Every structure is written in C-alpha cells, then in structure tokens.
Amino acid sequence: MPYSLMILPGDGIGPEAMSEVKKVISWLQENADIEFDIQEDLVGGAAIDAYGVPFSDETLEKCKKADAVLLGAVGGPKWDNVDYNIRPEAGLLRIRKELDLFANLRPAIVFDALIEASTLKEEVVRGLDILIVRELTGGVYFGEPRGIEDLGNGQRRGVNTQVYTTSEIERVGRIAFDLAKKRSNRVCSCEKANVMESGKLWREDMSALHAAEFSDVELSHMYADNCAMQLLRNPSQFDVIVTDNLFGDILSDEAAMLTGSLGMLPSASLGMSGTGICNALYEPVHGSAPDIAGQGKANPLASILSFSMALRYSFNRGDLADHLEQAVQNVLNSGIRTADIMADGCKQVSTSEMGDILVERLSAQPLQSQSAA
Ligand code: NAD
C-alpha cells in the first residue's frame, strides 16, 4: 500500500524548498521499497489568493485522510494587511488545532561540519543530538479565563490561565517515553513544580505514567529555569526533554540555537485521531523568508530533514531516514553549502543545486533497506 502524503508548499521559500524534497521522494520511489500517493494543495497566502481563506475545509479533509502532511512555510508582506482572522498564520494554527497535534517534536542536532555556526564552544556542542517534546494544544496559551479587564481606576489587569489535565500530560508523556526508547532511553521532564500547582501535577502524573508503563526508560525531573541553564552549560546531558506548551516554546528555541542555523532545523507535530491513527505534520522551523524568496538562496535541508522525520515517525522507516540523514552529513562534510551556512573554503550552491547534489549522494551510498535486511 502506498503511503498517502499531503504536500502544502505554502509561500515564499516554501515551494522552492519543497521542490527539493520532491526530488528526494522521487529518488526513494525509484530506488527504495517505498511508495507514496502524493497530493498537493495550497496553504497560507497562496490559499488566501486562490480560495479566500488560508486553509480551506477541502484541504483539511484531504489532510485528515493523509498518513502525513508536509508543509513548507506561510506568510509574507503581500498578506500583511489581510483581516487578522484570515492571515496566513491562521491557516497554520487551524491545521494544528483540527488535526489535534498535541506533541511538537523539535530535534537539535549539531552536524560536525557546521559546528562553527554554534555560538557555544565546540567541546560543549560537538555530537549534540537532543529532542524536545513540547505539549502544543494546552496550557497557558489556551487556558480560560483569559483576557484584559479594565479595573476602572486607570488600571487594567491581564489574565492567562495555566491549566493541564492528567490525560493531557499522559498523552504527551507517552510520546516522549516511546521516542526515548528509539534513542538513548532517557527522558527529562521539565516544569516549575516548586511554584506552580500545574507543575506539581505534571511531575506527579509523569512519575505515575513512568512507573505504570515505562519503568524501562530512565526518567528525571528538572525545573524549567534550571533546564534553560543546563542547555547552555552541558546540553549533551539530555536525550529527550518533555515539557509544557509555554516552557517548550522557549526551551525548544533555545536548544535550536545551539545548532546555530535556522535553515537546518526540522520539526514534527503529532496527534491521535479518533480511530487511534496518528495525525502528523512535518515542517521546517523557519518561516517563508520573503527577503530571499525566488532567488535560489534558500537552504532546503530543514524541509528535507522534516521529511526524514516523516520517514522515521509516520512510515516507521528509520532505515531510510538514516540513509537520508547520512547523505546530508556527507554533503556538508564535502563543503557544499547554501548561502546561509557558507563558510571559508566551502562551495556555495543554489537551492536546486543542493537538492541535486544530495540526490547524487543518496545514490552513492549503499542503501541498506529494512525489507532487504
Ligand atoms: P524567517 O524564518 O522566514 O526568516 C528569518 C531569517 O532567516 C531571514 O533572514 C531569512 O532569509 C533566513 N532564513 C529562514 N529560513 C531560511 C532558509 N531555509 N535558508 C536560508 N535562509 C533562511 O522568519 P521571519 O523573517 O520572521 O518571517 C517571515 C515570514 O514567515 C512572516 O510572514 C512570518 O509570519 C512567517 N513565518 C512563518 C512560519 C511558518 O510557516 N511556520 C514560521 C515563522 C515565520
């Protein structure tokens, strides 16, 4: 059975980067034992222009049926003045909400060839490979009551509510523990149990889940502020970090910057549908980069590495993800660079040249396919 893949290239550099992902997909279809049934549609500004909304109901239905959704990026100055409710980014929020994507996965991997791009010392970040699992649909960004009220005496009061239930904590915890089993088997759960009741509940529920279902995985707890410090002091101590929406927002950006290059950062967002099948959206961390769109300067590797996450997590083909990631390493090791990661002595290439060279490297490496093994 082919896997169904929904591709939403979006705006700005999104379509340019996605063209290079499609080269990788074609290579896999021709050379590996995997087949895809691919559909493509519009999202963000491109969808506003065509359908009047940034994410249409028809597109949503197709996404719900797909095994995985690959997204480029949305937004750009052309749509800066559209109504707030139909701005391009609203399309992104709608996909996340409608697919109930409650777990956001952000790897922070330092490639040896790009180690100088990190602002930290080489010995601190060499070989870094951590994964932050952020709860994405609950917590203070969604809790009620919320709002700004007028106190009538020249003062106003802003309110947001941090709220989590046991089931919300358990479902993101299960994803973190399951992922740790495929990595170095360690989970660090972060909250502020020392000052927040929701953090106390988070810690208790993670511990109970661990004892009941995942005692074979090593679990530690850390206050989120300490985690922020430890990420700079000794990031390699971590394997998987699981945390709530607010702390995850901050800690995942901090961890990403340990790697130093926005054009290299992939992400995945996972959820469960009613039937228990996993919904999944894969997208680069970067935006639509209107300043370089259409100039062949975009680094397509964040989008390609996002597709690699789809191979690993949606299609259970870690072997093909390893093959692809090895090819990315080889390309970087041979000094091939797009402008954003250019360094002395390296060769600068365009977006499409990067895709072509990567595909050459895919062919040059022996493919140890899972089913052939
Ligand atoms: P951005 O990530 O688009 O760009 C920030 C800087 O990084 C720019 O200088 C850009 O040229 C560079 N850059 C980003 N990705 C790159 C890549 N792959 N290769 C080379 N250089 C790259 O962020 P921004 O400028 O703050 O936002 C631009 C637009 O993107 C806005 O409309 C914003 O709302 C939108 N945005 C969308 C998403 C998304 O779709 N998930 C995320 C962030 C921002």
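Residues numbered from 1 in each chain as written. Predicted model: local features only at pLDDT ≥ 70, side-chain atom pairs only at ≥ 80, totals over all residues. Heavy atoms only, no water.

1. Considerations on the sheet that holds strand 3 (residues 68-73)
Hydrogen bonds between backbone atoms are what pair the strands of a sheet, whose relative direction is either parallel or antiparallel.
Alright, step 1. Spatially, 2-1-3-12-11-4-5-10-8-9 is the arrangement adopted by the 10 strands of the open sheet, whose pairing is mixed. Taken across any chain shown, the strands that pair with only one partner, and hence form the sheet edges, are strand 2 (36-40) and strand 9 (218-223). Direction aside, neighbouring strands of the sheet carry axes that sit 20° apart on average.
Alright, step 2. Bridging between strand 3 and strand 12 (residues 278-284) involves two bridges; their strand directions are parallel. Residue pairing for strand 12: Val69 is matched across the bridge by Leu281.
Alright, step 3. Against the sheet, helix 1 (residues 14-31) engages strand 1 (3-10), strand 2 and strand 3, with an angle of about 160° to strand 1. (Pairing = 2+ DSSP bridges. Helix = DSSP H or I, 4+ residues; strand = E, 2+ residues; numbered from the N terminus. Axes fitted to C-alpha atoms, helices over the stretch in contact; angles between N-to-C directions. Contact = heavy atoms within 4.5 Å.)

2. Thoughts on the domain arrangement of the protein
Alright, step 1. Here the domain parsing of the protein yields domain 1 (1-102 + 274-368) and domain 2 (129-258).
Alright, step 2. Listed by partner, the interface residues are six residues for domain 1 and 10 residues for domain 2.
Alright, step 3. Both faces combined, the contact of domain 1 with domain 2 buries some 730 Å², and carbon together with sulfur accounts for 64% of it.
Alright, step 4. Remark: the boundary between domain 1 and domain 2 carries one salt bridge.
Alright, step 5. Across the domain 1-domain 2 interface, the total number found is two residue pairs in polar contact (both at pLDDT 80 or more). (Domains from an automatic or database assignment. Buried area = accessible area lost by both parts, 1.4 Å probe. Salt bridge = Lys/Arg side-chain N within 4 Å of Asp/Glu carboxyl O. Polar contact = N/O pair within 3.5 Å; in protein donor to acceptor, adjacent residues only side chain to side chain.)

3. Focus on the pattern of salt bridges
Think of it this way: side chains of opposite charge can pair up when their charged atoms draw near.
Alright, step 1. Counted under the stated rule, the structure contains 27 salt bridges.
Alright, step 2. Two residues, Lys78 and Asp49, come together in a salt bridge whose shortest N-O distance is 2.6 Å. In this pair, Lys78 sits in the loop between strand 3 and helix 4 (88-98) while Asp49 sits in helix 2 (residues 45-51), placing the two residues 29 residues apart along the sequence.
Alright, step 3. Residue Lys78 is classed as exposed on the basis of its relative accessible area of 60%.
Alright, step 4. According to the relative accessible area criterion, Asp49 is partly exposed, its value standing at 45%.
Alright, step 5. Each member of the salt-bridge network shares a partner with another, and the members are Glu20, Lys23 and Asp356. (Buried < 20%, exposed > 50% of the residue type's maximum accessible area, 1.4 Å probe, protein only.)

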